[in-house]
Amino acid sequence: MTLKTPGIHHVTSIVGEPQRNIDFYTNLLGLRLLKVTVNFDRPATYHLYFGSFTGSPGTILTTFPWPGDRSGTIGAGQVTATSFAIPEGATRFWIDRLTQHGVDVSKPERRFEDEVITFTDPDGLLNELVSRPGATSAATWPGESVPHEFATTGFAGVTLTSTAPERTAEVLTDLLGFTLIGESDRLHRYVADRDAPGAVVDIVADPEGARGSEGPGTVHHVAWRTRDDAEQAEWRKLLIDAGLKVTEVRDRSYFKSIYFQEPGGVLFEIATDPPGFTLDEPLDALATGLRLPPWYEDRRGKIEPGLQPIHLPNGRSLP
């Protein structure tokens, strides 16, 4: 069997204040807060997860809130835009909604068959809302803050700004299973599975551009989907055989992960679909408290007091 990812599993960004991050993506963009845990590699800080009601792969935005850290810079070697899909005909609603909340939003532009508007979040992350022909509204769910006929339906895709665009394209097509479907003066478009959320990747060539720097306001990595642990092991072997430096498998509780940097500088992850966010909380009670992986539970008494206080959408305060 030839390995092929369906598309994005999740996108992880670095932000500043956790409360501001929660409020923007839940109250304004209408995502569900799925999980509140800590950064497994930096447990003195939060790791927040947002997405659809069930947290299905292809809808998951995760953030590392690092309050007080120096802001990063967006540039070459990064995911430079994260695109959310919206139903066809929803663009006007979102322009009005963002504007009413004091968010500067671009005029609609055509990008291949899409209608796109762009805006930045409070930390400077560049986001897009993408309407495609045939796109439909999301299913309703309890507590949604955006009318379901206009709500985001998951990721549309990401934009990669590459210092080595030809080699980035080779990784996408020769290893991950993407297909080139369009070209313009400024970008090349690739697609994985046309029926999956987050299946589109745009590559912007910038071989002489300034490299981006890590910090709040930048995307840390993009993760691609894989079916299960066995398939992930196949991916790891394939990538190593192709000459890429790949990490060991890392347990992220809600999925397993491997990481590698593609030749254009962007950090890629391959993450398993299971076990998902109901591993330690029921579906109707996700993000109702601070969840720690088993290996940090004996440190809860030290970790919690060091976390910045936040208010959850359910009215509870943490820590």
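Residues numbered from 1 in each chain as written. Predicted model: local features only at pLDDT ≥ 70, side-chain atom pairs only at ≥ 80, totals over all residues. Heavy atoms only, no water.

Undergrad: Outline the overall build of the chain, listing residues and values.
TA: Helix and strand counts for the chain stand at 5 helices and 18 strands. C-alpha atoms of the chain, sized along the principal axes, occupy 50 × 45 × 40 Å. Counting contacts in the chain only where the partners sit at least 6 residues apart, residues at least 24 apart contribute 66% of the total. Roughly 13600 Å² of accessible area belongs to the chain as shown, and the carbon and sulfur atoms make up 50% of that amount. With 30 positive and 43 negative side-chain charges, the chain shows a separation of 4 Å between the mean positions of the two kinds. (Helix = DSSP H or I, 4+ residues; strand = E, 2+ residues; numbered from the N terminus. Contact = heavy atoms within 4.5 Å. Areas by Shrake-Rupley, 256 points an atom, 1.4 Å probe, with all protein chains shown as cover. Lys, Arg positive; Asp, Glu negative; His and termini not counted. Charge placed at Lys NZ, Arg CZ, Asp CG, Glu CD.)

Undergrad: Break down the packing of aromatic side chains for me, with residues and values.
TA: Here the structure, examined in full by the defined rule, presents 16 aromatic pairs. Between the aromatic rings of Tyr49 and Phe277, the centroid separation amounts to 5.4 Å while the plane-to-plane angle is 65 degrees, which identifies the pairing as edge-to-face. A residue pair is termed long-range when its members are at least 10 positions apart, and Tyr49 in strand 3 (residues 42-51) and Phe277 in the loop between strand 16 (267-272) and helix 5 (300-303) qualify at 228 residues. Given a relative accessible area of 3%, Phe277 falls into the buried group. Relative to Phe155, the ring of Phe84 has its centre 5.4 Å away and its plane inclined at 35 degrees; by these criteria the two rings are tilted. Taken as a pair, Phe84 in strand 5 (residues 78-86) and Phe155 in strand 9 (residues 155-162) lie far apart in primary sequence, 71 residues in all. When sorted by exposure, Phe84 lands in the same class as Phe155, which is buried. Through pairs of rings, three or more aromatic residues link up here, namely Phe24, Tyr25, Phe50 and Phe119. (Phe/Tyr/Trp six-rings, centres within 6.5 Å; stacked < 30°, edge-to-face > 60°. Buried < 20%, exposed > 50% of the residue type's maximum accessible area, 1.4 Å probe, protein only.)

Undergrad: How would you summarise the pattern of salt bridges if you had to cite specific residues and measurements?
TA: Enumeration over the complete set of coordinates arrives at 20 salt bridges. For the salt bridge of Asp123 with Arg20, the shortest nitrogen-to-oxygen distance reads 2.6 Å. With Asp123 in the loop between strand 7 (114-120) and strand 8 (126-131) and Arg20 in helix 1 (residues 18-28), this residue pair connects regions lying 103 residues apart in the sequence. By relative accessible area, which is 36% here, Arg20 ends up partly exposed. Asp241 serves as the salt-bridge partner of Lys237, at 2.8 Å between the closest nitrogen and oxygen. Of this pair, Lys237 and Asp241 both sit in helix 4 (residues 229-241), 4 residues apart, which is roughly one turn of the helix. (Salt bridge = Lys/Arg side-chain N within 4 Å of Asp/Glu carboxyl O.)

Undergrad: Give me the lowdown on the sheet that holds strand 2 (residues 32-39), citing residues and values where you can.
TA: Note: strands within a sheet are paired through backbone hydrogen bonds, in either parallel or antiparallel orientation. Pairing within the open sheet is mixed, and its 8 strands lie in the order 2-3-4-1-13-16-15-14. The strands lining the two open edges of the sheet, one partner per strand, are strand 2 and strand 14 (250-251). Looking at chain direction, strand 14 and strand 15 (residues 256-261) are connected through 2 bridges and run antiparallel. Bridge pairing links Asp251 to Lys256 in strand 15. Sitting on the sheet, helix 4 is in contact with strand 13 (218-226), strand 15 and strand 16, with an inclination near 15 degrees to strand 15. (Pairing = 2+ DSSP bridges. Axes fitted to C-alpha atoms, helices over the stretch in contact; angles between N-to-C directions.)

Undergrad: Got a sec to walk through the sheet that holds strand 9? Specific residues and values, please.
TA: Spatially, the 8 strands line up as an open sheet ordered 6-7-8-5-9-12-11-10, and their pairing is mixed. Both edges of this open sheet fall to strand 6 (109-111) and strand 10 (179-183), since each of them pairs with a single strand only. Taking each pair of neighbouring strands and ignoring which way they run, the sheet shows an average axis angle of 30 degrees. As paired elements, strand 10 and strand 11 (residues 188-191) share 4 bridges and run antiparallel to each other. If you follow Gly182 over to strand 11, its bridge partner there is Arg189. Lying on the sheet, helix 2 (residues 91-100) is in contact with strand 5, strand 7 and strand 8; it crosses strand 7 at an angle near 10 degrees. Helix-sheet contacts for helix 3 (residues 165-175) involve strand 9, strand 11 and strand 12 (200-205), and the interaxial angle to strand 12 is about 165 degrees.

Undergrad: Go over helix 1, please, and point to the residues and values.
TA: In terms of burial, helix 1 is a largely internal element, 8 of the 11 residues being buried. Residues of helix 1 that are buried: Pro18, Gln19, Asn21, Ile22, Phe24, Tyr25, Thr26 and Leu28. Just past helix 1, the residue Gly30 takes up positive phi, approximately 85 degrees.

By themselves, these figures tell us nothing about what the structure is for.
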